[in-house]
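Listed here are the chains, written in short residue letters.
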Amino acid sequence: AQTVTQSQPEMSVQEAETVTLSCTYDTSESDYYLFWYKQPPSRQMILVIRQEAYKQQNATENRFSVNFQKAAKSFSLKISDSQLGDAAMYFCAYRKSNRDDKIIFGKGTRLHILP
Amino acid sequence: GAVVSQHPSWVICKSGTSVKIECRSLDFQATTMFWYRQFPKQSLMLMATSNEGSKATYEQGVEKDKFLINHASLTLSTLTVTSAHPEDSSFYICSARIMNTEAFFGQGTRLTVV
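Residues numbered from 1 in each chain as written. Chains lettered and ligands numbered in written order. Predicted model: local features only at pLDDT ≥ 70, side-chain atom pairs only at ≥ 80, totals over all residues. Heavy atoms only, no water.

J.: Can you explain the overall build of chain B? Please cite residues and give values.
T.: The helix and strand inventory of chain B stands at zero helices and eleven strands. Listing every helix and strand of chain B by position from the N terminus yields β-β-β-β-β-β-β-β-β-β-β. Considering only C-alpha atoms, chain B reaches an extent of 40 × 25 × 20 Å along its principal axes. By residue count, 53% of the 114 residues in chain B fall in the buried class. Once local pairs closer than 6 in sequence are excluded, the contacts in chain B between residues at least 24 apart make up 54%. (Helix = DSSP H or I, 4+ residues; strand = E, 2+ residues; numbered from the N terminus. Buried < 20%, exposed > 50% of the residue type's maximum accessible area, 1.4 Å probe, protein only. Contact = heavy atoms within 4.5 Å.)

Structure, rendered in structure tokens:
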């Protein structure tokens, strides 16, 4: 069965600094998707970034980038120039490429931004 | 991105009654909808997957007779918590997907059973 592990329950970073959130996963599939979702205090799930496993290039969205290491089954999220609005719960997630397949979430990392 | 609307945002009901939560995809037709439950400070736990016009597929340990899911159209899925008890109090989140794209999430429903 697929699993997603986030080993950092909480992290803190100074405003304007860079922080990296870790995620590892386990799967026997060769084709799949990986995601980072943000859940702010409003509890609305927001997609931050998405990576297709067949793509070697790391995904980037503005201040957010990932380090995708397929062989190591590692998918970390780097947030550059951290802002107060980045404070939230961050979930790493996995989905097989099948049509109707579900998303499996890690336990999450709570990120605090220190002013 | 696509918009998924969940209603109500919060609801309080008496123990023993049933409550229905709606999940609508507002600007797209969802091939699949998912229902999650989230306990405080925990991750999202998938309860069931539903496809329009067919029976929902429940995850292991989820009581299908307690959590009734109906996916009558490509834009609407409902979750009915039957004979609710205080232990059913939780945050319920739906998400909807168009084939081969990422899922979009509703804003969630906080259910409190008193």
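Next comes the rest of the account.
J.: So, the state of the cysteines: which residues are in play, and what are the values?
T.: All told, the structure shown has two disulfides over all chains when counted by the stated rule. The disulfide partner of A:C23 is A:C92, and the S-S distance across this bridge is 2.0 Å. The sign of the S-S torsion, about -70°, decides the handedness of the disulfide formed by A:C23 and A:C92: left-handed. One end of the pair, A:C23, is in the loop between β3 (19-21) and β4 (24-26); the other, A:C92, is in strand β10 (residues 88-96), and 69 residues separate them in sequence. Across this residue pair, the class does not change: A:C23 and A:C92 are buried. Here B:C13 stays free of any disulfide, with the sulfur of B:C94 as its closest cysteine sulfur at 18 Å. (Disulfide = S-S within 2.5 Å.)

J.: So, the pattern of salt bridges: which residues are in play, and what are the values?
T.: Enumeration over the complete set of coordinates arrives at seven salt bridges over all chains. Note that A:K73 and A:D26 form a salt bridge whose closest N and O atoms lie 3.6 Å from each other. One end of the pair, A:K73, is in the loop between β8 (64-69) and β9 (74-79); the other, A:D26, is in strand β4, with 47 residues separating them in the sequence. Among the residues examined, A:K73 registers a relative accessible area of 26% and is labelled partly exposed. Between B:E22 and B:R24 there is a salt bridge, and its shortest N-O distance comes to 3.5 Å. Note on B:E22: relative accessible area 24%, which makes it partly exposed. Because the salt bridges share partners, they merge into one network encompassing A:R50, A:E52 and A:K55. (Salt bridge = Lys/Arg side-chain N within 4 Å of Asp/Glu carboxyl O.)

J.: Describe the nonpolar core, listing the residues and the values that go with them.
T.: By size, the foremost hydrophobic cluster in this structure holds 27 residues, and its most contacted members are A:L21, A:Y25, A:W36, A:F75, A:L77, A:Y90 and A:L111. Elements that contribute at least two residues to this core include exactly β2 (10-14), β3, β5 (32-39), β6 (46-52), β8, β9, β10 and β12 (109-114) of chain A. Among the elements that make up this core, the one with the highest residue count is β10(A) (four residues). Setting aside residues up to four positions removed in sequence, A:L111 forms contacts with A:M11, A:V13, A:V19, A:L21, A:I79, A:D86, A:A87, A:A88 and A:Y90. Counting residues in each nonpolar core, the second largest holds 26 residues, with B:F28, B:A30, B:V81 and B:L111 among its members. (Core = buried A, V, L, I, M, F, W, Y, C linked by side-chain atoms within 4.5 Å.)

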